[in-house]
Amino acid sequence: MSDEPRVGVFVCHCGINIGGYLDVPDVVKYAETMPGVAYAEANLYTCSSDGLQKIKEAIKKHSLNRVVVASCTPRTHETLFQGACEEAGLNKYLFEMANIRDQCSWVHMHERDKATQKAKDLVRMAVAKARLLTPEEEPEIDIQPVGMVIGGGVSGLTAALSLANQGFKVHLVEREVRLGGYLNELDRLFPNNARAEDVTGPLIQQVKEAPEITVHLNSTVTDVKGFIGNFDTEVTTGEKTQPLNVGTIIVATGANYLNPKGFYGYGEVEGIVTQLELGGLIKEHKVGDAKTVVMIQCVGARTAERPYCSRICCSEAMKNATLLLEEDPRREVHILYRDLQTYGLEYTALELDAKRKGVKLIKYEAERPPVVTKGEKGPVVKVFSPLMGEELTIEADMVVLSAPLIPNEDNKKLSQLLKVPLNQDGFFLEAHVKLRPLDFATDGVYICGTAHSPKEVAESLAQARGAASRAGIPMAKGRLRTAAITSVVDETKCSGCGTCIELCSYNAITKNERGLAQVTSAVCKGCGVCGASCPERAITMRHFTNEELEAQGLAAIKEA
Amino acid sequence: MKPVMVIGGGVAGIQAALDLADRGISVHLVEKDPSIGGVMAQLDKTLPTMDCSICILAPKMIECFRHPNITIHTQSRVKDVSGGAGDFNVKVLKEPRSVDEAKCTGCGLCTQKCPTKVRNEWQEGLMDRKAIYIMFPQAVPLTATIDRDHCLYFQNGVCQLCSKVCPAGAIDYEQKPEELNLNVSSIIVATGFQEYDPTELKEYGYGRFKDVLTAMEFERLVCASGPTGGHLNRPSDGKLAHRVAFVQCVGSRTHKKGYPYCSSVCCMYATKEAVLIKEHDPAAEVTIFYIDLKVFGKGFQQFVDRAKSHYGVSYIRGRPGEIRLNPLTGGLTVWYEDTVTGDVSSMEADLVVLCTTMIARPGNKELTRALGLELDEWGFFKPLNPLSNPVETGLPGVFLCGCSHGPRDIPESVAEASGAAACAAELARRFA
Amino acid sequence: MKYALYLGCTVQSDQFGYEASVRETLPKLGIELVDMRGASCCGFPALSSVSKMGWHYLSARNLAIAEKMGLDLLPLCNGCHLSFVETMHFLEEDPELRSIINGHLEREGLRYEGRVKVVHLLEALHDRVGAEVIVDKVVKPLKNLKIASHPGCHAIRPSDLQKVDDPEDPQKLDNLIKALGAETFDYPEKIDCCGSQLAVASGRTTLKIAGDKLKAVKSYGFDALVTTCPFCFKMYDGRQRAIKGALKDNSLDLPVFYYTQLLGLALGSSPDRLGLRMNMSPVDSIVERITE
């Protein structure tokens, strides 16, 4: 293959999608006049097996060493054409596409001449870049078939077990002295009133028995370096620190329960407990004399300071109310709520059951919250009910505050170690809210459970299994082919300002020993933000080099 | 390793298929419609990021199509299942498209020339399609299919225009239904949901009043690929709608006509749709009539706060009692009680959107007979244990995800899909 | 078709126009009406509010009389119809009540077995005779007249039992109006109550409720309002002057008819045979338009 670029241009009719709105043969004729173009032809459907065959034949017949296809969108067809080039012996990065359908014929359906001219411009730009393209290699990295799960609560246990069942070794790192996490503090779980220990017990047993899983109790992750497939971590247990090399990391660190100090007299007035504490009292049958119980929802949640809804509190209140009423049907249990967050099949059933057993629901408005004061015999709750149009006074034996789950205090440190973001509420922020809820933007790190956001146990378990699937994918592959479109730092130009490091969303750039920027190609997504912002123009993108982009830009405004 | 079958090509089925295929396990993705994509492909935008729904879904659909480890079977249904975990024998019946999938390029010429108009189900009946049609512009596979029940050739032996104009010679009237016998190690059920039909709630006038729509109809109306190019034109007279009312809990949280459960997602999608209207028309009057505002998801409360403070969407707590139509003006009146203030009042509206419940698909019954699974009283599939085994079923080797087992939103469905994929992967390894 | 004609109280005490028009028109449609000897009030609504036993006894007695005649019952009043239907239901559900009542009925040689069907006038005309038959017999079509349908509450509410028409979207009276050649269409207040049941508790409210509806009907361009219930008719027709006074709106004039009166005119009967002189609302111009 000679150094002199010999570009082949294939202009597609795409049936009538392109050919019906601009003059394809004219574009072909024009392409033939461009410097560097050794061959040009029109196809009815370049993407058909017939069209692909024509590309391969043309490459051989005309000794083409660059290929431009002017057709539809690279989003759907780039890989297809690249494959054809590779089959003809051409490096796939010597291929360039011009979108003359979505970006031309489809949006200029009633301006045939102008559309034809625009198609010519787009082809000219593509050819200008194609002439400068160089072959690129896609490096492969090894993926250690070892996973790390941070957090030994019910999510972490489930994720670890799933990974083990998938055949991977797992390091389960738990900061407390025992496994089980928050469920160790709970008794009855909704929706089916199972005992927490009946859920965690078997999981812990299975984890202990699984030969693939190594449990590190009393341990925390104190350092993380590297990238997907090869995270060099350090786990500290007491005084000792050991290095652990893992392929993937799952964050399952859970959440905390807000201590509602300062709300509704908690800690000051007697007889006020949290739902968590109530759970413990119910378990030990210590609720006894309390005949009138008032529960208050949204304590310290759905406020300006903490805007989010903690999802589980309404269901938890319903569950505890049901338990209280089952224990003693003569009790009066009032739930003061703003909006009942019982949802779906199971939790609505919980709500209906509580209603049937006699729970009294009183709505209050955020602007007029209840007031709790110390009465003679116990706490007194005053609440304005808009539905009744009057203020109610309830002399309670016990007031129960439904406080939200809050981010684990370790989140900040862990987010910095793993280089993953937190959202405004302090919970971990996933790669995409809708379609990638368990991934982080940083490859190889995953999230599940209440570390992500408040959720029910069932939801955590499903997520934990899901995170194990996500983490299992690269480990199952064993090797990861990374993209060639990555950034390259010219060290002779780099001033070590660190702008690129700050801007990189994927934490792919670090400072090397010389204090200069260094790109970890395996993690680089080729977004180009670094290249665009480097003040010294020291960074260029492979396959989108500064020269290539300049040539393309100039070609847009003037004839070749 | 043996392949896995995923029944249902919506976002959950797609995610499960990709998770398995990416780790080297083959997948048979069985979808009853001519294209994968499911309900998410019909939505306009998704909350809270307001991404264009099909724009974020289509790349995943294409990935499925091009993935060497995924075989998509469209217009296919599971008829019979025998065997057990690790070794299921599944009989799949594939209805004929009457179009050769290998030859069809999706150019759409046949759909232009076909003389027969049919109600377009994908567009929720707001516009027509032809007897030969491509389900929607981003369909995967992008292949035409003939609706034999309405095709002139299949009904009366005439026409055949499509075969005359097809440049690829892809029309094949002789195509027969195909029976596939597939042997798989596990089955993931991802059959999704359907919308409750509010016709029986006569007080809302759905079916009588043209400008009372269901939420799915609204999504199509406001979508750029819908009947009006995304303009909020009233179906009755084409005028732009400026005052829109949303009615929540239509068919849910009721002991009369409908279902007692809460459909989980409607408060949020109504907020999303309200914000969409405000983005189209900042002067629009948009009111959401709700009972309890469900804001329990990540970022949901903040989304509602923004809808109120930044976009000016109104929320009134009260279930409207009746919707009436003024025969002279064509305007709708929504009668309601604001339960917080106690006022009984009415609101004039140009358009009313009924936010209907997610209900189980009737196809679940047929599938459950073939699989031997259990359905709950609402027709949804039952998990093995709603607490500790949410994505497994009573049958080893059969897993659930998404709305097949109850109302839930997209992020939950996607997470569960990965969860079900993990179960299938673990099982595949055990039986390898 | 042969029915035992149940007149009820209100028709016999002052709604003569209704009775006259029913007796004039139904035979023309092939319905033979047989008078009931000894029939009494059905017990609704006054007695039913204070004595369940008394109410059911009275209704059951009338049903038993029809049963003895071997005929189905045709009540002319929405309220009577509901009363009979509910009584039949209660007597079906409660055998003890039934035996007590039969014990009383025995003294007159009557027995309630529950074999009688109660057919509302709307059902008889719409379901049994049929709109097509009426269309055929119309000689003076009600051309260019917009008539508003007022089915009345008790034809469609409150009970689930044997509803005469759909509670949210009743169309039977509308179809019958169209069969006469007149125009009709749905309007928002169509199924609103006339308010007459409130007359004892709050006269003013009653007048306002009825007046609001009349105003609305007028605003849609209707020429007249039609109903099949004597209570509703009495409200809109008999008390129209009082309504005008209460609403302080003298322009609130709306002709109100019984359906059978318009039916009679369309079938060619003379206005004299239909009791139209007894309508207190301004019906003359409409009658002229139809009969000329």
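Keep in mind the model is a prediction, meaning the values are calculated, not measured.

Counting its secondary structure elements, chain B contains 10 helices and 24 strands. For 432 residues, the compact-globule formula gives about 22 Å, and the C-alpha radius of gyration of chain B, at 23 Å, lands near that figure. Counting only residues that meet the buried cut, chain B has 62% of its 432 residues in that class. Partitioning the intrachain contacts of chain B with sequence separation of at least 6 by distance along the chain shows that 65% fall at a separation of at least 24. Accessible surface for chain B amounts to roughly 15,800 Å². Of this, 50% is attributable to carbon and sulfur atoms. Across chain B, the centroid of the 46 positively charged side chains sits 2 Å from that of the 50 negatively charged ones.

This paragraph deals with the nonpolar core. One broad rule of soluble globular proteins: the nonpolar side chains tend to lie buried together. Core analysis: the largest hydrophobic core is formed by 145 residues, its most contacted members being Leu 278 and Met 295 of chain A together with Leu 20, Ile 70, Ile 132, Ile 188 and Phe 246 of chain B. The leading source of residues in this core is helix 10 (residues 410-430) of chain B, at 10 residues. Those residues in contact with Met 295 of chain A that sit more than four places away from it in its chain are Gln 275, Leu 278, Ala 317, Asn 320, Ala 321, Leu 324, Val 333, His 334, Ile 335, Leu 336 and Val 400 of chain A. Of all hydrophobic cores here, the second largest spans 98 residues; its members include Tyr 6, Leu 176, Val 256 and Ala 266 of chain C.

With that settled, the discussion passes to the state of the cysteines. Linking two cysteines covalently through their sulfur atoms gives a disulfide. One pass over the full model with this rule turns up one disulfide over all chains. Cys 355 of chain B provides the cysteine sulfur closest to Cys 266 of chain B, a residue in no disulfide bond, and the two sulfurs are 6.4 Å apart. We classify Cys 266 of chain B as buried; its relative accessible area is 7%. Unpaired in terms of disulfides, Cys 41 of chain C finds its nearest cysteine sulfur in Cys 9 of chain C, a separation of 3.5 Å.

Of the residues lining the interface, nine residues belong to chain B; the matching set on chain C comes to 12 residues. The three residues of chain B that bury the most area against chain C are Lys 202, Arg 324 and Pro 327 of chain B, which together make up 53% of that side's buried surface. Viewed at the interface, chain C and chain B are joined by three salt bridges. Between Lys 202 of chain B and Asp 166 of chain C there is a salt bridge; the shortest N-O distance is 2.2 Å. Seen at the junction of chain B and chain C, the total is three residue pairs in polar contact (both at pLDDT 80 or more). Here the side of chain B that touches chain C is composed, by residue class, of three nonpolar, one polar and five charged.

Considering the arrangement of structural elements, one finds Asp 409 of chain B in the loop between strand 24 (398-400) and helix 10. One buried charged residue, Asp 409 of chain B, remains without a salt bridge, the closest side chain of opposite sign being Lys 434 of chain A at 5.5 Å. A distance of 3.1 Å separates a polar atom in the side chain of Asp 409 of chain B from the backbone nitrogen of Glu 412 of chain B. Those residues within four positions of Asp 409 of chain B in sequence are excluded, and the remaining contacts are Val 265 and Phe 300 of chain B.

To continue, consider the interface of chain B and chain A. In this complex, chain B contributes 67 residues to the contact, which on the side of chain A involves 67 residues. In this assembly, chain B packs against chain A so that about 5,500 Å² is buried in total across both faces, 57% of it on carbon and sulfur atoms. Among the residues chain B hides against chain A, the three largest losses belong to Arg 23, Lys 298 and Leu 387 of chain B. Together they make up 15% of the total. Across the chain B-chain A interface, the total number found is six salt bridges. Across the pair Asp 19 of chain B and Arg 470 of chain A runs a salt bridge, and its minimum N-O distance is 2.3 Å. Of all the secondary structure elements, the ones that give two or more residues to the side of chain B that touches chain A are helix 1 (11-22), helix 2 (53-66), helix 3 (109-113), helix 8 (300-309) and helix 10 of chain B. The greatest single-element share of the side of chain B that touches chain A, amounting to 13 residues, is contributed by helix 10 of chain B.

In this fold, Thr 287 of chain B is placed in strand 17 (residues 285-290). Discounting residues that sit within four places of it in the chain, Thr 287 of chain B has contacts with Val 244, Ala 245, Phe 246, Ser 314, Ile 316 and Met 347 of chain B.

What follows covers the pairing of strand 2 (residues 37-43) of chain A. Residue and element names in this part refer to chain A. Burial runs high along strand 2: five of the seven residues are buried. Relative to strand 2, strand 1 (residues 7-12) runs parallel, the two sharing six bridges. When the bridges of strand 2 are listed, Val 7 appears paired with Val 37. Note that the unit made of strand 1, helix 1 (residues 24-32) and strand 2 has a crossover that is right-handed.

What follows concerns the packing of helix 6 (residues 154-165) of chain A against helix 10 of chain B. Where helix 6 of chain A contacts helix 10 of chain B, the axes come no closer than 8 Å and their chain directions differ by 35 degrees. Only Ala 422, Glu 426 and Arg 429 of chain B of helix 10 of chain B make contact with helix 6 of chain A, whose side of the interface consists of Ser 162, Ala 164 and Asn 165 of chain A. Looking at the contact of helix 6 of chain A with helix 10 of chain B residue by residue, the classes come out as two nonpolar, two polar and two charged.

Applying the stated criterion to the full structure yields 70 salt bridges over all chains. A salt bridge links Asp 328 of chain A to Arg 330 of chain A; its shortest N-O distance comes to 3.2 Å. Asp 186 of chain C is the partner of Lys 190 of chain C in a salt bridge, and the nearest nitrogen-oxygen pair spans 2.8 Å. Put simply, Arg 175, Glu 176, Glu 409 and Asp 410 of chain A are held in one network by salt bridges that share partners.

The rules behind the values
Residues numbered from 1 in each chain as written. Chains lettered and ligands numbered in written order. Predicted model: local features only at pLDDT ≥ 70, side-chain atom pairs only at ≥ 80, totals over all residues. Heavy atoms only, no water. Helix = DSSP H or I, 4+ residues; strand = E, 2+ residues; numbered from the N terminus. Rg over C-alpha atoms; globule rule 2.2 N^0.38 Å. Buried < 20%, exposed > 50% of the residue type's maximum accessible area, 1.4 Å probe, protein only. Contact = heavy atoms within 4.5 Å. Areas by Shrake-Rupley, 256 points an atom, 1.4 Å probe, with all protein chains shown as cover. Lys, Arg positive; Asp, Glu negative; His and termini not counted. Charge placed at Lys NZ, Arg CZ, Asp CG, Glu CD. Core = buried A, V, L, I, M, F, W, Y, C linked by side-chain atoms within 4.5 Å. Disulfide = S-S within 2.5 Å. Buried area = accessible area lost by both parts, 1.4 Å probe. Salt bridge = Lys/Arg side-chain N within 4 Å of Asp/Glu carboxyl O. Polar contact = N/O pair within 3.5 Å; in protein donor to acceptor, adjacent residues only side chain to side chain. Nonpolar A, V, L, I, M, F, W, Y, C, P; charged D, E, K, R; others polar. Pairing = 2+ DSSP bridges. Right-handed = clockwise from strand over helix to strand, strands pointing away. Axes fitted to C-alpha atoms, helices over the stretch in contact; angles between N-to-C directions.

That is the geometry; function is a separate question.
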